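Architecture at a glance
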Amino acid sequence: MKSTFTSRSKKEILVVDDTPDNLRLLSAMLSKRNYEVRKSLNSKNAIISVKADAPDLILLDIKMPNIDGYETCRLLKDDPTTQAIPIIFISALDDALDKVKAFAAGGADYISKPFQEAEVLARIENQLHLRDLQSQLEIRNQELTQSNHDLEQFAHIVSHDLQQPLQSMIGYAKIIGLQYPDLLDTDASQYLENILDAGNRMNRLIKDLLSYATVGKEREALATVDCNQVLAEAIGNLNLLIEEKKANVAFSEMPVIIGKEVQLIQLFQNLIGNAIKFTQPEVIPEIEITVSLEPESSWIFAFKDNGIGIADDDLNMIFKTFQRLHDSDKYPGSGIGLATCKKIVESHAGAIWVESVEGKGSTFFVKLPATKQLIKSS
Ligand code: ADP
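Every value quoted in this text rests on a predicted model; they were computed, and no experiment measured them.

1. Here's the deal with the domain arrangement of the protein chain
Each domain of the protein chain was delimited in the assignment, giving domain 1 (12–115) and domain 2 (218–377). The C-alpha centroid of domain 2 is placed 53 Å from the C-alpha centroid of domain 1.

Next up, the structure:
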C-alpha cells in the first residue's frame, strides 16, 4: 500500500463542499493556521485531485449533488493508494444515524454544522497526529520485516556454509580414530572423542538453525494434508529414539487439513521428539496425541507426555530461539526446535501453547484452522 505520510513542512488539507461560502470560510480559517488548503466544489473533481496528489487530510461535506460525501469516502477508502488519508465529514445533518453512516463509510471523524472554529482545528490536529503516528508505525514495521528477513537470510547462509567445513573436521577426526589407533594414548583418544562430540553438537545446531531459517522459504504450496500420514512420517523419523527409550506413542484418528506437509511433519516430529527426550532416565515415555474440533472450526492437537514438566516461570521462554532449560549433557538439543514449531504454526495462521506440571508432564497444544468442507470429508 502506498503510504500517504508526507514530510512537507505545511500539512495539506483538501476541503470539499458544494457551497462556495462554506469553502471560503473553511479555507480562510485553515490558511490562517498555516495549513496548505486545496478546494473542490464537487466530489468528482475532489477524487481526481486526491488521486493526482494525495493531501494529508480531507474535510468532506456530506450533502452534495451527484456523488454525495458517503459515496466519495467509500470510493477513496476502496482505493489502496488513497485509503489511508483521514476523512472528516462536515455536515448539517445532525442525527445519530448519519454519524453511524459516516463511520461505516470509512470516515475518521464527524463535525456538525454550525461548527466552532476551535473544535474543527482540534479535530483536524488530532487526525493528523494519529495519521503521523500510524505512518511512523508502518515505516517501523517495514524496517522490522526487512531486518527480520535479512537476519533469516544471514542465518541461512551462515549455517549452510558452515556445514561443509564441519563435515570435513568430523570426517578427519573419525579417520584419525580409525586408522591410527596405535598412535593414540588414553588422553589422546579422549580428546578425539571430545572433538567428535563437539562436532556432532555443532552439526545438530547448524541443522536446526538451517531448518528454522528455512521455514517459509521453501516453495511448498498449501494443499490438503492427511495428518494421519504426517503423524506416521514423524513417528517413522523418530524410530531410533523411540526404540532407544522404549517409548509408547498412542494416538487417535487425525483429520485432513489444509497445510504444508513437510512443515507439519517437522512440527509433529519436534513435539513428539521433545516429549520422548524430556523424561527422567528411569521413566518409560508415554506419549498421547489427540485432536479435537473447536466450535469456531479449529483443530486443537494435544501432545501429552509424562516427562519432567516445565516450571511456570519458564513456560513463556521455551518458544524463543536458543532458550533451553537444561545442560546439553543431560538433555541434548539446540533450543531451536520449539521456535521452529512456533514459526510453522504461525505460518499456518494457528497458535501453539503448553500446559505443564513440573515433575509430572506437559501437554503441548497446537491450534490449526479447519475448513468446513474438510471436516465433512474427514
Ligand atoms: P531443544 O529440544 O533443542 O532443547 P526446544 O526449542 O525444542 O529445544 O525446547 C526448548 C526447551 O523447552 C527444552 O530445552 C526443554 O527445556 C523445554 N521442553 C521442550 N519440550 C519439553 C517437554 N515435552 N517437556 C519438558 N520440557 C520441554
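2. Side note on the pairing of strand E1 (residues 12–16)
Along E1, 5 of the 5 residues are buried, which leaves the element largely enclosed by surrounding structure. In this view, the connection linking E1 to its parallel neighbour strand E2 (residues 36–40) by way of helix H1 (residues 20–32) has right-handed handedness. Sheet analysis places E1 next to strand E3 (residues 57–61), joined by 4 bridges and oriented parallel. Note that in E3 the partner of leucine 14 across the bridge is isoleucine 58.

3. Quick word on the site of the ligand
Inspection of the region around the ligand gives 21 residues, with Asn274, Asp305, Arg324, Ser334 and Leu338 positioned closest. Asparagine 274 is positioned with one of its side-chain polar atoms (N or O) 2.8 Å from an oxygen atom of the ligand. Here an oxygen atom of the ligand sits 3.2 Å away from a polar atom, N or O, in the main chain of glycine 337. Starting from 530 Å² of accessible surface for the ligand in isolation, the protein chains cover 99%. Elements supplying a minimum of two residues to the shell around the ligand: helix H9 (261–277), helix H10 (337–347) and strand E12 (361–369). Broken down by element, the residue count for the shell around the ligand peaks at 3 residues, all from H9. Here the residues of the shell around the ligand are counted per class, giving 9 nonpolar, 9 polar and 3 charged.

4. Here's the deal with the packing of aromatic side chains
All told, the structure shown has 5 aromatic pairs when counted by the stated rule. Ring geometry for phenylalanine 268 against phenylalanine 303: centres 5.2 Å apart, planes inclined by 85 degrees, an arrangement best described as edge-to-face. In this pair, phenylalanine 268 sits in helix H9 while phenylalanine 303 sits in strand E10 (residues 298–304), placing the two residues 35 residues apart along the sequence. According to the relative accessible area criterion, phenylalanine 303 is buried, its value standing at 2%. Relative to phenylalanine 365, the ring of tryptophan 353 has its centre 5.4 Å away and its plane inclined at 20 degrees; by these criteria the two rings are stacked. With a gap of 12 residues between them, tryptophan 353 in strand E11 (residues 351–357) and phenylalanine 365 in strand E12 connect regions that are remote in the sequence. For phenylalanine 365, a relative accessible area of 15% corresponds to the buried category. Among the aromatic residues, those joined into a cluster by ring pairs are Phe268, Phe301 and Phe303. A cation sits over an aromatic face here: lysine 343 above tyrosine 212, 4.3 Å from the ring centre.

Criteria and cut-off values
Residues numbered from 1 in each chain as written. Predicted model: local features only at pLDDT ≥ 70, side-chain atom pairs only at ≥ 80, totals over all residues. Heavy atoms only, no water. Domains from an automatic or database assignment. Buried < 20%, exposed > 50% of the residue type's maximum accessible area, 1.4 Å probe, protein only. Helix = DSSP H or I, 4+ residues; strand = E, 2+ residues; numbered from the N terminus. Right-handed = clockwise from strand over helix to strand, strands pointing away. Pairing = 2+ DSSP bridges. Near = heavy atom within 4 Å. Polar contact = N/O pair within 3.5 Å; in protein donor to acceptor, adjacent residues only side chain to side chain. Areas by Shrake-Rupley, 256 points an atom, 1.4 Å probe, with all protein chains shown as cover. Nonpolar A, V, L, I, M, F, W, Y, C, P; charged D, E, K, R; others polar. Phe/Tyr/Trp six-rings, centres within 6.5 Å; stacked < 30°, edge-to-face > 60°. Lys NZ or Arg CZ within 6 Å of the ring centre and 35° of its normal.

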